[in-house]
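# Understanding the architecture of this molecule
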Amino acid sequence: PDTTRLRLQQYLKQFPENADAWMLAGNLAYLQADFNLAITNYRNAIARHPSQSLYYSALGAAYNVPNQPDSAQKYLLKAIFLGDSSAYTYLNTALLYIKVNDKAKSLAWADSAAIRQEQTPSPLISGGISFIYTKWGEEENSEKWLEKAVQLGLKDTFAFRQVLNGNKELEVYYRETYSIL
């Protein structure tokens, strides 16, 4: 990633108007848990292409990890307003409402993520939905989604169970297991 990051920085010096390159730079920073740099890079992407909902979703997710719920909510909802209907964005919105202790909104967004998840099945999204149900004490739904995640290829089920039991942060599990987030 460091070589990729250096090459990307050089590219951005030559082509600073490339919004997708700024998005990629944000994703690389996010992967390395450099959330401030990720936020800066996502903001640069938005400045160059302000109608791209994916950029707002990524920015909202980046604000969600270090627990900045007001900013996370602003950008996640902006992504949805711009037409983002991805399970990823809906899942991040459900996770946001866990952080502000709003069970009704968190479960509603999780249910919406679940519907979208059916269109493009993902072990990561299914695992995230399982996590949300666990957080709100809905073990039956949590187990259903965990089973689906495992069927879809969820990696390191033992580590994910640590997340569900509160012994590991969800973001840490994803970063360590999948080299994302």
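This section reports on the structure supplied with the text. (Residues numbered from 1 in each chain as written. Predicted model: local features only at pLDDT ≥ 70, side-chain atom pairs only at ≥ 80, totals over all residues. Heavy atoms only, no water.)

## Quick word on the packing of helix 3 (residues 35-48) against helix 4 (residues 53-64)
- It is at 9 Å that the axes of helix 3 and helix 4 come closest, and there the two elements cross at 160 degrees. Classified by the angle between their axes, helix 3 and helix 4 sit roughly antiparallel to one another. In terms of crossing hand, the pair formed by helix 3 and helix 4 is left-handed. In this structure, helix 3 uses F35, I39, Y42, R43, A45 and I46 to contact helix 4, whose residues at the interface are Y55, Y56, A58, L59, A62 and Y63.
- The residue inventory of the contact of helix 3 with helix 4, partitioned by class, reads 11 nonpolar, no polar and one charged. (Axes fitted to C-alpha atoms, helices over the stretch in contact; angles between N-to-C directions. Helix = DSSP H or I, 4+ residues; strand = E, 2+ residues; numbered from the N terminus. Parallel < 35°, antiparallel > 145°, perpendicular 65-115°, else oblique. Left-handed = near helix turned anticlockwise from the far one by under 90°. Contact = heavy atoms within 4.5 Å. Nonpolar A, V, L, I, M, F, W, Y, C, P; charged D, E, K, R; others polar.)

## What to know about the nonpolar core
- Ranked by size, the top nonpolar core spans 60 residues in total, and within it Y30, Y42, I129, F131, I132, F160 and Y173 carry the most contacts.
- In this structure, F160 is in contact with G127, G128, S130, F131, L146, L154, L170, Y173 and Y174, ignoring residues within four places of it in sequence. (Core = buried A, V, L, I, M, F, W, Y, C linked by side-chain atoms within 4.5 Å. Buried < 20%, exposed > 50% of the residue type's maximum accessible area, 1.4 Å probe, protein only.)

## Quick word on the pattern of salt bridges
- Enumeration according to the criterion identifies five salt bridges in this entry.
- Two residues, D34 and R5, come together in a salt bridge whose shortest N-O distance is 3.5 Å. Within this pair, whereas D34 is found in the loop between helix 2 (19-31) and helix 3, its partner R5 is found in helix 1 (residues 2-14), the two being separated by 29 residues in sequence.
- Overall, the relative accessible area of 16% leaves R5 in the buried class.
- Between K99 and E171 there is a salt bridge, with its nearest N and O atoms 3.7 Å apart. Within this pair, whereas K99 is found in helix 6 (residues 87-99), its partner E171 is found in helix 11 (residues 170-178), the two being separated by 72 residues in sequence.
- Classification of K99 as partly exposed rests on a relative accessible area of 31%.
- The exposure class of E171 is buried, given its relative accessible area of 17%. (Salt bridge = Lys/Arg side-chain N within 4 Å of Asp/Glu carboxyl O.)

## Details of helix 10 (residues 157-164)
- Those residues of helix 10 not exposed but buried are A159, F160, V163 and L164. The arc that holds every buried residue of helix 10, seen down its axis, measures 150 degrees, which confines them to one face.
- Summarising the contacts, the buried residues of helix 10 are in contact with helix 8 (123-135), helix 9 (139-151) and helix 11.
- Immediately downstream of helix 10, the backbone of G166 shows phi near 85 degrees, a positive value. (Arc of directions from axis to C-beta.)

## Side note on the environment of A58
- With respect to the helices, strands and loops of the structure, A58 is situated in helix 4.
- Looking at A58, the relative accessible area reads 7%, which means it is buried.
- Residue contacts for A58: discarding those within four places in its chain leaves M23 and Y42.

## Re the environment of P16
- Tracing the sequence through the fold places P16 in the loop between helix 1 and helix 2.
- Not counting residues up to four positions away in its chain, the partners in contact with P16 are W22 and R48.

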